[in-house]
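# A look at the structure
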Amino acid sequence: MTEQICVGAIAGSYGVRGEVRLKSFCAMPEDIEDYTPLSNEDASQTYSLTLVRAIKNGFTARIGGIETKEQADALKGVKLFAPRDRLPSLPDDEYYHTDLMGLEIYDTGGTLLGTVKSVQNHGASDLLEVSIPAESKTVLLPFTLAAVPTVDLSVGRIIADPPDGVF
């Protein structure tokens, strides 16, 4: 089976005619429509999607077969996935979040710092949430060229030069 990438999520219903509020995780948010049909996480359901209009923090969209507010409400929280082979190839300095999760992070001297738990963005830039080995805590590492000079997906590791005090 082709690897699935999360490209959006249904945030709830919009109006009374079965439209949904849609969050797009695509670099160009409107591109989510290009990847339809989308599926849920376990690929047991597929959804044809048509964007209706932009709204604050997303879009309203029509999903094939969804005609009522109640049907749209039932989809709230569903994450939408597209097959990786339908998504564009990325330039060398860009990554899908799913490719970074689970990678080990080493400092510039070769010491293991931790493992990428998640990729977050709170407005300014991406942050790598790093699980520290043998500890229950995590730290946030800025995902910038200065703090993370090397990402090598072929060997599954990241080399970091974190700002003082992060680790």
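Refer to the structure printed above.
Computed from a predicted structure; not experimentally measured. (Residues numbered from 1 in each chain as written. Predicted model: local features only at pLDDT ≥ 70, side-chain atom pairs only at ≥ 80, totals over all residues. Heavy atoms only, no water.)

## Comments concerning the side chain of Ser13
Along the chain, Ser13 falls in strand 1 (residues 4-14). Among the polar contacts listed, one links the side chain of Ser13 to the side chain of Lys69, at a separation of 3.2 Å. Polar contacts involving the side chain of Ser13 include one to the side chain of Asp73, which spans 2.6 Å. (Helix = DSSP H or I, 4+ residues; strand = E, 2+ residues; numbered from the N terminus. Polar contact = N/O pair within 3.5 Å; in protein donor to acceptor, adjacent residues only side chain to side chain.)

## Comments concerning the sheet that holds strand 8 (residues 104-107)
The 6 strands lie next to each other as 11-10-9-8-13-12, forming an open sheet whose pairing is mixed. In the strand order of this sheet, the two ends are held by strand 11 (138-142) and strand 12 (150-152), each with one partner. Looking at each pair of strands side by side, their axes are set apart by 35° on average, direction ignored. Across 3 bridges, the pairing between strand 8 and strand 9 (residues 112-121) is antiparallel. Bridging from a neighbouring strand, Tyr106 pairs with Leu112 of strand 9. (Pairing = 2+ DSSP bridges. Axes fitted to C-alpha atoms, helices over the stretch in contact; angles between N-to-C directions.)

## Structural notes on the pattern of salt bridges
In total, this model carries 5 salt bridges according to the counting rule given. Of the charged contacts in the structure, one is a salt bridge between Lys69 and Asp73, with a shortest N-O distance of 3.1 Å. Taken as a pair, Lys69 and Asp73 lie in helix 1 (residues 69-74) at a separation of 4 residues, close to a single helical turn. Classification of Asp73 by relative accessible area gives partly exposed; the value is 36%. Two residues, Arg84 and Asp99, come together in a salt bridge whose shortest N-O distance is 2.6 Å. Taken together, the positions of Arg84 in the loop between strand 7 (79-83) and helix 2 (97-100) and Asp99 in helix 2 put the pair 15 residues apart, joining distant regions of the chain. Here Arg84 falls in the partly exposed class, since its relative accessible area comes to 25%. Salt bridges sharing common partners tie together Glu3, Arg84 and Asp99. (Salt bridge = Lys/Arg side-chain N within 4 Å of Asp/Glu carboxyl O. Buried < 20%, exposed > 50% of the residue type's maximum accessible area, 1.4 Å probe, protein only.)

Everything listed here is a matter of geometry and, on its own, says nothing about what the molecule does.
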